[in-house]
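Structure at a glance
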Amino acid sequence: MALWGGRFSNKPTDAVFALSQSISFDWRLAPYDLRSSLTHLVVLENAELLSKDDAQKIRKALKELMADVSSGKFLPVNEDEDVHSALERGLTEKLGSLGGSLRAGRSRNDQVTTDLRLFTIDHMMILAHQLTELIEVILNKASEYVNDAAPGFTHIQHAQPISFGHEIAKHAHAFARDVDRIDDWLLRSSVSSLGAGALSGSSLKLDPVFAAKNLGFERSFENSIDAVSDRDYVAEALFITSLIGVHLSRIGEEWTLLGSTEFSWATIADEYSTGSSIMPQKKNPDMAELARGKTGRLVGNLVSVLTMLKGLPFAYNRDLQEDKEPLFDSLDTLALVIPAISGMIATTDFDREKMKMSAPTGFSLATEIADYLVRKNVPFAEAHEAAGACVALCEKHSCQLHELTDQQFLDIHPALESSVRGVLTVEGAIASRTTAGGTAPSQVVVQISAAMKKTLDQRKEIASKMKAFSEMMGA
Ligand code: ARG
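Notes on the structure follow.

The next point concerns the site of the ligand. As a matter of local geometry, the ligand sits amid S22, D82, H84, R108, N109, V112, Y316, R318, Q321 and K324. Taking Q321, its side chain carries an N or O atom lying 2.9 Å from a nitrogen atom of the ligand. The protein chains hide 87% of the 340 Å² of surface that the ligand would expose on its own. Among the elements that make up the shell around the ligand, the one with the highest residue count is helix α6 (residues 108-144) (three residues). Class assignment of the residues belonging to the shell around the ligand gives a composition of two nonpolar, four polar and four charged.

See below:
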């Protein structure tokens, strides 16, 4: 059903309808559209623009329609242009022309963005909740390996030995920032547009502040033109989802690399791996690769919306209809990827022996020699030079740092006494890094428990916001 037509003598052609319809993707806004209609109904009733009796009839029909939509009894048809048209048809089928009353003081311009905000808030909360679960999985996995040494890398070259628990736990912090970002987004994006009308507000005695409160928003709009044109909340949500994708992708890359035959550190569980149709021996890390691959579309969706918004005049333009599919796609994509990656991480085993054996290789203890000299008040530049000379000598003689003789150490620098051997152990090097946030197991344990507490607290907060939201939706 079209919501316009009075001034037209001809109906749109099939090609026009095909291009302009959004019902093929916006039907999922139906529950939010119906809920905001309930609020608009109260606004019209309070303004005495609807009799109590009519308002009651419309309320009853809206509630029935809500049930019919959720049971699938009421469905859109091909002739419906968008979700708003479909639902007005549903209401009119129940009430006759009274079903069209809710259009008073409301335009699809303020309606669509109100619906989309509700949808996005709902889904960003679900996403934040899911992220806290992923963070918990990462931290639990990290706890298993706190006391296991591994080489730490820079430039994918052995750098300094680290606790492998520290290595795993780092990912939790990236996602914790994403949860913070969602929190922050929620505050900024919780703005109602209902009452902005087409662009200028309304001559009817509507009450946008009441509407905002009734829909659980923090605030109502301050400028009706901005209210119908603002899609910052979509762009920001897409940035957040892109960054989550980037974080997942970096895990994907790491797991793929550590699971390769050359590394053979990670064994991904069978149920999170896939086989090859031709090579029977293959066990591939497809979940990790898909996490990496899906990030392309997440970033693409952000770029698509930013490009659509760039240069767009304010107030409503039909271009804005292009905000939905990228947003839906990004949220759907993460809803698929996060549980699979959580499961993959939870069930991956790392080869402790192999990591431990390779921890001291690549002269990863050279920094210890420099730090040893610094503790003896040798200027760092000189200490660095001396440690470098030790490495060069080892390379020349194909030996490890601890295999240099006392005399060789002394020849390189007079302060390099035999006690230097005391710092040339992986365990010692790791255990000595006790500065806050460092890799010493004593610090890693503190780090993990603080991060765990934060994520469990945040999960509780999000759960209570989700509960309030679902109560609002059911009101
Ligand atoms: N389907 C449209 C959208 O998604 C709804 C708003 C239509 N408004 C209009 N003035 N044509 O943006």
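Text resumes after the structure shown.
Its 23 residues give helix α12 (residues 324-346) an end-to-end C-alpha distance of 33 Å, which sits within 8% of 33 Å, the value for a rise of 1.5 Å per residue. Within α12, 17 of the 23 residues are buried, which leaves the element mostly enclosed by the surrounding structure.

Take the environment of S342 next. Locating S342 in the fold gives a position in helix α12. Between the C-alpha atoms of S342 and Q130, which are 212 residues apart in sequence, the distance is 9.5 Å. Those residues in contact with S342, other than ones at most four positions away along the chain, are L134 and V137.

The tally for this structure, following the rule as stated, stands at 36 salt bridges. For D82, the salt bridge is made with R108, and the minimal N-O distance between the two is 2.7 Å. Of this pair, D82 sits in the loop between α4 (52-71) and α5 (83-95) while R108 sits in helix α6; the two residues are 26 residues apart in sequence, bridging distant segments of the chain. Here D82 falls in the buried class, since its relative accessible area comes to 5%. Looking at R108, the relative accessible area reads 23%, which means it is partly exposed. A salt bridge links R89 to E93; its shortest N-O distance comes to 2.8 Å. Within this pair, R89 and its partner E93 are both found in helix α5, separated by four residues, close to a single helical turn. Members of the salt-bridge network, linked through shared partners, are K60, E64, D68 and K94.

Now for the layout of surface pockets. Quantified by volume, the largest pocket comes out at close to 700 Å³. Lining the largest pocket are 28 residues; nearest its centre among them are F153, E167, K170, H171 and E254. Breaking the lining of the largest pocket down by element, the ones donating at least two residues are β1 (149-154), β2 (157-163), α7 (164-189) and α10 (232-258). Looking at the lining of the largest pocket, the element that brings in the most residues is α7, giving eight residues. In the lining of the largest pocket, the residues fall into eleven nonpolar, ten polar and seven charged.

This part covers the pairing of β2. Every regular strand shows the same layout, with side chains that alternate between the two sheet faces. As paired elements, β1 and β2 share six bridges and run antiparallel to each other. Opposite T154, over in β2, you have Q157 as the bridge partner. Taken together, β1 and the strand that follows it, β2, pair antiparallel across an intervening segment of two residues, in which H155 is found at a positive phi of about 55°.

Here is what the cut-offs are and how they apply
- Residues numbered from 1 in each chain as written.
- Predicted model: local features only at pLDDT ≥ 70, side-chain atom pairs only at ≥ 80, totals over all residues.
- Heavy atoms only, no water.
- Near = heavy atom within 4 Å.
- Polar contact = N/O pair within 3.5 Å; in protein donor to acceptor, adjacent residues only side chain to side chain.
- Areas by Shrake-Rupley, 256 points an atom, 1.4 Å probe, with all protein chains shown as cover.
- Helix = DSSP H or I, 4+ residues; strand = E, 2+ residues; numbered from the N terminus.
- Nonpolar A, V, L, I, M, F, W, Y, C, P; charged D, E, K, R; others polar.
- Expected span 1.5 Å × (residues − 1).
- Buried < 20%, exposed > 50% of the residue type's maximum accessible area, 1.4 Å probe, protein only.
- Contact = heavy atoms within 4.5 Å.
- Salt bridge = Lys/Arg side-chain N within 4 Å of Asp/Glu carboxyl O.
- 1 Å grid on protein atoms, 1.4 Å probe; cavity = no way out; pocket = protein on both sides within 12 Å on 5 of 7 lines; lining within 4 Å.
- Points joined across faces, edges and corners; volume = space filled by probe spheres on them.
- Pairing = 2+ DSSP bridges.

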